[in-house]
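Chain residues, written in single-letter form:
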Amino acid sequence: MKTKTTNVLLAGATVALSVLPLVCSRPATGEAFSGSDGQVGAVIEQLRPGYRLWFSPLWVPPSSEIESSLFGLQAAIGAGALCYALGYLRGSSNRMKDPNA
Amino acid sequence: MHIMEGYLPIEHALGWSVVSAPFLGFGFYRLSSRIKEDSSAKLFLGACAGFAFVLSALKLPSLTGSCSHPTGVGLGAILLGPATMSVLGAVVLLFQALFLAHGGLTTLGANAFSMAIVGSFVAWSVHAVSIRVRVPVGAAIFLSALLSDLATYATTALQLGLAFPDSQGGSVVSTARFLLVFLPTQLPLAVSEGLLTVFVINLLGSHLGDDKRFHGLTGVAR
């Protein structure tokens, strides 16, 4: 199979894997699509009731809007770095094929 | 897999930091000598760090009705080697602990151990073994990213299980309970991570021609 075809299939399957749950899974108890990292707290509370957190974050995003924009920023920085590398490689391989271009 | 700030008792927090430190120290040494040897290595470092930044920022819905996120360390572990990638993974975790209140400074050692260190070494070993037994390159990459993702979450469950043993069944029972929180949600996400890692390696590879620096496509990075 050509790499391009494979990649279209890979991307399609990944998108399907994230969209499918939104359509067909019904969340169990509690908040729909809450984070599994956050669910840990409830289990700790059952295993050791009254466990006191002994340290809290130095800084907490003041609202969920700001938090989501910071997550967006993290993804943007990452995508920027990755795509810079991809573009650089593509540019240099094109130049190697056709030095006059 | 982020254990939140203050969740681990102080002796566990310190213990995991001590365990992680030598790996990260060695990784930092490998990272800096790699940059000195070959300045174009920065491009691959940037690409792999970027991938981990993107993937660990994306909290994706899973079939269980919960959300979780992939880790993105498989790519770098395959292309750069596990020691180097573990440093980049730890940088991602530090960023999230400082600016997002996601994870934490006291739990940084534990989180770095599960995601950056275990994640990288599992990805790298699975890839190395798969290539050795002649698994096709794409399948080898898929498998190593998938298992690296799952191993990371299993390690987190173990860390929490050790810190909070069940009053009757001890750490075995509590670890199982934490595994039950993570793994069903994580399984489809680990598949996504495997697919995405193959996708990105295909993209990188299609522009490289016969560039031999890109070890991961054909052989095994150190």
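Since we're looking at a predicted model, the values are computed, not measured.

A word on the overall build of chain A
For step 1, the next point in the chain: Across its full length, chain A holds three helices and one strand.
For step 2, the next point in the chain: Against the compact-globule benchmark of 13 Å for 101 residues, chain A has a radius of gyration of 22 Å, which places it well outside the compact range.
For step 3, the next point in the chain: For chain A, the C-alpha atoms occupy an extent of roughly 70 × 40 × 25 Å along the three principal directions.
For step 4, the next point in the chain: Expressed as a percentage of its 101 residues, the buried residues of chain A come to 14%.

Side note on the overall build of chain B
For step 1, the next point in the chain: The helix and strand inventory of chain B stands at seven helices and two strands.
For step 2, the next point in the chain: Along its sequence from the N terminus, chain B presents helices and strands in the succession α-α-β-β-α-α-α-α-α.
For step 3, the next point in the chain: In terms of overall size, chain B behaves like a compact globule, its C-alpha atoms giving a radius of gyration of 17 Å where 222 residues would be expected to give roughly 17 Å.
For step 4, the next point in the chain: Out of the 222 residues in chain B, the part that is buried amounts to 60%.
For step 5, the next point in the chain: Excluding contacts between residues fewer than 6 apart, the proportion of contacts in chain B whose partners are at least 24 apart in sequence is 72%.

Quick notes on the environment of B:Phe121
For step 1, the next point in the chain: Tracing the backbone shows B:Phe121 in helix H5 (residues 108-132).
For step 2, the next point in the chain: Taking the C-alpha atoms as reference points, B:Phe121 and B:Glu37, separated by 84 residues in sequence, lie 23 Å from one another.

What to know about the sheet that holds strand E1 (residues 34-35) of chain A
For step 1, the next point in the chain: The three strands lie next to each other as E1(A)-E2(B)-E1(B), forming an open sheet whose pairing is mixed. Strands at the two margins of the open sheet, each flanked by one partner only, are E1 of chain A together with strand E1 (60-61) of chain B.
For step 2, the next point in the chain: The sheet contact formed by E1(B) and strand E2 (residues 66-68) of chain B spans two bridges and is antiparallel. The residue bridging B:Pro61 from the neighbouring strand is B:Cys67, located in E2(B).

Observations concerning the confidence of the model for chain B
For step 1, the next point in the chain: Taken over all residues, the pLDDT of chain B has a mean of 92, while the share at 70 or more is 94%.
For step 2, the next point in the chain: Listed scores for the predicted complex are pTM 0.94 and ipTM 0.91.

Details of helix H3 (residues 64-97) of chain A
For step 1, the next point in the chain: Under the 1.5 Å per step criterion, the end-to-end length of H3(A) is 49 Å for 34 residues, consistent within 8% with the ideal 50 Å.
For step 2, the next point in the chain: Of all the residues in H3(A), the buried ones are A:Phe71, A:Gln74, A:Gly78, A:Ala81, A:Leu82, A:Ala85 and A:Leu89.
For step 3, the next point in the chain: Residues of H3(A) that are buried sit in contact with helix H2 (41-57), helix H4 (82-99) and helix H7 (170-206) of chain B.

With respect to the packing of H2(B) against helix H3 (residues 73-80) of chain B
Residues and elements named next belong to chain B.
For step 1, the next point in the chain: The geometry of H2 relative to H3 is characterised by a closest axis approach of 7 Å and an angle of 160° between their N-to-C directions. Classed by the angle they form, the pair H2 and H3 counts as roughly antiparallel. Side by side, H2 and H3 meet where Phe-44, Leu-45, Cys-48, Phe-51 and Ala-52 of the first sit next to Val-73, Leu-75, Gly-76, Leu-79 and Leu-80 of the second.
For step 2, the next point in the chain: When the residues that make up the contact of H2 with H3 are grouped by side-chain class, the tally is nine nonpolar, one polar and no charged.

Some words on the interface of chain B and chain A
For step 1, the next point in the chain: Taken together, the contact between chain B and chain A spans 55 residues of the former and 54 residues of the latter.
For step 2, the next point in the chain: Elements represented by at least two residues in the side of chain B that touches chain A include exactly H2, E1, E2, H4 and H7 of chain B.
For step 3, the next point in the chain: It is H7(B) that provides the largest number of residues to the side of chain B that touches chain A, a total of 17 residues.
For step 4, the next point in the chain: For the side of chain B that touches chain A, the class distribution of residues is 33 nonpolar, 18 polar and four charged.
For step 5, the next point in the chain: The pairing of E1(A) with E2(B) spans two bridges and is classified as parallel. Its bridge partner being in E2(B), A:Ser34 is matched across the sheet by B:Ser66.

A short note on the packing of helix H1 (residues 10-37) of chain B against H4(B)
Residues and elements named next belong to chain B.
For step 1, the next point in the chain: Across the interface, H1 lies against H4 with an axial gap of 7 Å and an inter-helix angle of 105°. The angle between H1 and H4 places the two elements in the roughly perpendicular class. Here H1 contributes Phe-23, Leu-24, Phe-26, Gly-27, Phe-28, Arg-30, Leu-31 and Arg-34 to the contact with H4, which in turn contributes Ala-83, Thr-84, Ser-86, Val-87 and Ala-90.
For step 2, the next point in the chain: For the contact of H1 with H4, the per-class residue count stands at eight nonpolar, three polar and two charged.

Calculation rules
- Residues numbered from 1 in each chain as written.
- Chains lettered and ligands numbered in written order.
- Predicted model: local features only at pLDDT ≥ 70, side-chain atom pairs only at ≥ 80, totals over all residues.
- Helix = DSSP H or I, 4+ residues; strand = E, 2+ residues; numbered from the N terminus.
- Rg over C-alpha atoms; globule rule 2.2 N^0.38 Å.
- Buried ≥ 20, exposed ≤ 12 C-beta atoms within 10 Å, placed from the backbone.
- Contact = placed C-beta atoms within 7 Å.
- Pairing = 2+ DSSP bridges.
- pLDDT = per-residue confidence, 0-100.
- Expected span 1.5 Å × (residues − 1).
- Axes fitted to C-alpha atoms, helices over the stretch in contact; angles between N-to-C directions.
- Parallel < 35°, antiparallel > 145°, perpendicular 65-115°, else oblique.
- Nonpolar A, V, L, I, M, F, W, Y, C, P; charged D, E, K, R; others polar.

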